[in-house]
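Each chain, written out:
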Amino acid sequence: MKRKHAIIIGGGLGGLATALRLARANWRVTVCEQSDAFGGKMNRWEQGGFRFDTGPSLITMRRVFAELFEAAGARMDEHLELVPMHPLAEYVYDDGTRFRYSSYLPDWLAIVRALEPRDVDGFFRFMRLGARLFEISQETFFRRPPLDFTPDLRALKAMRHLPLRHAWDNYHRTVAAHFKSPHLRQLFDRYPTYVGSSPYKSPATLAVIPYVEYAFGGWHIKGGLYRLVESLCALAARAGVTLMTNARVERIEREGRRVTGVVLADGTRLAADAVVMNGDASLAGAMLGVKGDTQPAHARSLSGLVFLVGVKRTLPQLAHHAVYFSQDYRREFAQLFDERKFPDDPTVYVSAPSRSDRALVPEGAGETLFIMANAPANDGDEWTETKIQEARARVFARLRQGGFPDIESEIAVADVWTPGRIGARYAMPGGAIYGTHSHGWRRAFLRPPNKDARYAGLYYVGGSTHPGGGTPTVLLSAKITCELIERCET
Ligand SMILES: Cc1cc2nc3c(=O)[nH]c(=O)nc-3n(C[C@H](O)[C@H](O)[C@H](O)COP(=O)(O)OP(=O)(O)OC[C@H]3O[C@@H](n4cnc5c(N)ncnc54)[C@H](O)[C@@H]3O)c2cc1C
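Residues numbered from 1 in each chain as written. Predicted model: local features only at pLDDT ≥ 70, side-chain atom pairs only at ≥ 80, totals over all residues. Heavy atoms only, no water.

Visitor: Tell me about the sheet that holds strand β19 (residues 458-460), and name the residues and values.
Guide: The five strands are arranged β9-β2-β1-β13-β19 in an open sheet whose pairing can be described as parallel. In this open sheet, the two edge strands, each paired with only one partner strand, are β9 (242-244) and β19. Across the sheet, the mean angle from the axis of one strand to that of its neighbour is 20°, orientation sign disregarded. Where strand β2 (residues 28-32) meets β9, three bridges bridge the pair, whose relative direction is parallel. Among the inter-strand pairings, valine 31 is bridged to a residue of β9, identified as leucine 243. (Pairing = 2+ DSSP bridges. Helix = DSSP H or I, 4+ residues; strand = E, 2+ residues; numbered from the N terminus. Axes fitted to C-alpha atoms, helices over the stretch in contact; angles between N-to-C directions.)

As structure tokens, then:
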């Protein structure tokens, strides 16, 4: 029997994972990537012997990655070395307080006790809430397309964890109900930003994120996270997947209500039995030549302003991950989401992967720094050199306030990614990193579905579709999408 052909628009993590799974299910697969490299936002940059990941810097839900390798007939530990993060991060506050958030419980509880003894109990209750939400998500949200409520035994069993006190509330209010310490409140309020959202507008169900990180750990990939992309591409090539770069899909072709293939920017036509959109789901309508769902700027998740800095000097005082909190978190998110501007006082995240992985710096000397602040995903924001320098001054002012070493005279290489550059490079409206934000129940749970409602043979995978952004969720999305394709196309 002739093998069916699937075309995947985009070679991001979601596209590559889909390609591997479909190839394993005996599909002929072609991945069309518009840029000159695979991986999408999981990208890398190298200069002068300094090696940077320009996107993700932390892996969570390790199991989901291992499962993808297994689905591709391989073993993750034969391809990649994952390094656990101990501590998970260092937190630095405006008032000078600083501590390391450790997944080694005795160390961590000593810190909580010193901050606020009553919060020891709050921490356990908050983790318990996250654990129960995780249990539910595993059998529902993470495993199925949205609104696919066909009951099965596993889903019904998961539902026994309902109703959950607090789970239906607002995220920040729930954090405040569990922690009295303002420092711990700010720490746990940070987690909705893992999906580009505000703690003040997200539902408490996002408490699953801190639980997952604490229970299953945060991980670095030796040699840089881009190693994952390289491994997936090698496995895809071995499985016979056709991997095309500089192949921008301009149109999705259809006959009546069924898609039949794609047309590339150079006019090449490729016929297909199924087309999977890994680029932003909101762009599919224009590619079909129909009025699709547009994505208004106010519905978008956060973008980011990223400075990549290779420093000549070694900085042993730095943790692999550190967060330098702004003085007024609520004001920062109001500026990001309501005023839609770069904050006056941004919270700054610094990843120094060379602290755990000396292969990332030339001859083992110096450091690679990934310095990021959240930024709004606006249309038409022009990040001029002046605007970048103003924002950089605010970022470094925050770092200085937190006692960050003065590196200005020691910079060997540097690069900057603005929201505009992120948007243009990955064809993501406004440079939104995680598609739409997760504010309110509807947006958090009813993201664009993995199968097109109108056109047969058209599917979606990745951060802009169900179940959402972030590397593990994108891999879960690929699994859901492939199951739908298998169910509907064979
Ligand atoms: C600065 C930054 C930091 C991040 N930090 C983390 C982190 O620490 N942990 C974490 O888990 N996640 C993090 N993320 C998010 C994570 O990178 C994404 O959620 C994930 O990689 C998205 O994968 P994807 O497959 O959905 O899409 P993408 O990576 O966006 O891939 C989509 C691909 O489709 C291509 N494409 C689009 N349109 C077309 C077209 N018409 N034709 C052909 N190709 C097309 C694009 O070029 C792109 O390669 C971060 C992202 C960024 C940018």
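On we go from here.
Visitor: Describe the pattern of salt bridges, and please don't skip the residues or the numbers.
Guide: Enumeration over the complete set of coordinates arrives at 29 salt bridges. A salt bridge links glutamate 253 to arginine 269; its shortest N-O distance comes to 2.5 Å. Of this pair, glutamate 253 sits in strand β10 (residues 249-255) while arginine 269 sits in strand β12 (residues 269-271); the two residues are 16 residues apart in sequence, bridging distant segments of the chain. For arginine 269, a relative accessible area of 54% translates into the label exposed. The structure contains a network of salt bridges with shared partners spanning Arg21, Glu67 and Lys479. (Salt bridge = Lys/Arg side-chain N within 4 Å of Asp/Glu carboxyl O. Buried < 20%, exposed > 50% of the residue type's maximum accessible area, 1.4 Å probe, protein only.)

Visitor: For the site of the ligand, give the residues involved together with the corresponding values.
Guide: What surrounds the ligand is a group of 38 residues, the closest being Gly14, Glu33, Lys41, Gly463 and Thr471. Within the contact set of the ligand, an oxygen atom lies 2.9 Å away from a side-chain nitrogen or oxygen of asparagine 278. With the chains in place, 94% of the 1,000 Å² that the ligand exposes on its own is no longer accessible. Those elements that provide at least two residues to the shell around the ligand are α1 (13-24), β17 (367-375), α14 (419-426) and α16 (471-489). A per-element tally of the shell around the ligand places α16 first, with three residues. Taken together, the residues of the shell around the ligand sort by class into 18 nonpolar, 16 polar and four charged. Of the residues that make up the shell around the ligand, three or more belong to each of domain 1 (5-45 + 224-296 + 441-489) and domain 3 (298-426). (Near = heavy atom within 4 Å. Polar contact = N/O pair within 3.5 Å; in protein donor to acceptor, adjacent residues only side chain to side chain. Areas by Shrake-Rupley, 256 points an atom, 1.4 Å probe, with all protein chains shown as cover. Nonpolar A, V, L, I, M, F, W, Y, C, P; charged D, E, K, R; others polar. Domains from an automatic or database assignment.)

Visitor: Explain the domain arrangement of the protein residue by residue, including any values.
Guide: According to the domain assignment, the protein contains domain 1 (5-45 + 224-296 + 441-489), domain 2 (105-216) and domain 3 (298-426). Contact with domain 2, which involves 13 residues of that partner, is made by twelve residues of domain 3. Both sides together, the interface formed by domain 2 and domain 3 hides about 1,000 Å², and carbon and sulfur atoms give 64% of it. Contact with domain 3 buries surface across domain 2, with Gln186, Arg190 and Tyr200 losing the most and accounting together for 51% of the total. If you look at where domain 2 meets domain 3, you find one salt bridge. We note a salt bridge from aspartate 338 to lysine 201, for which the minimum N-O separation is 3.0 Å. Inspection of the region where domain 2 meets domain 3 yields four residue pairs in polar contact (both at pLDDT 80 or more). For the side of domain 2 that touches domain 3, a count of residues per class yields four nonpolar, six polar and three charged. (Contact = heavy atoms within 4.5 Å. Buried area = accessible area lost by both parts, 1.4 Å probe.)

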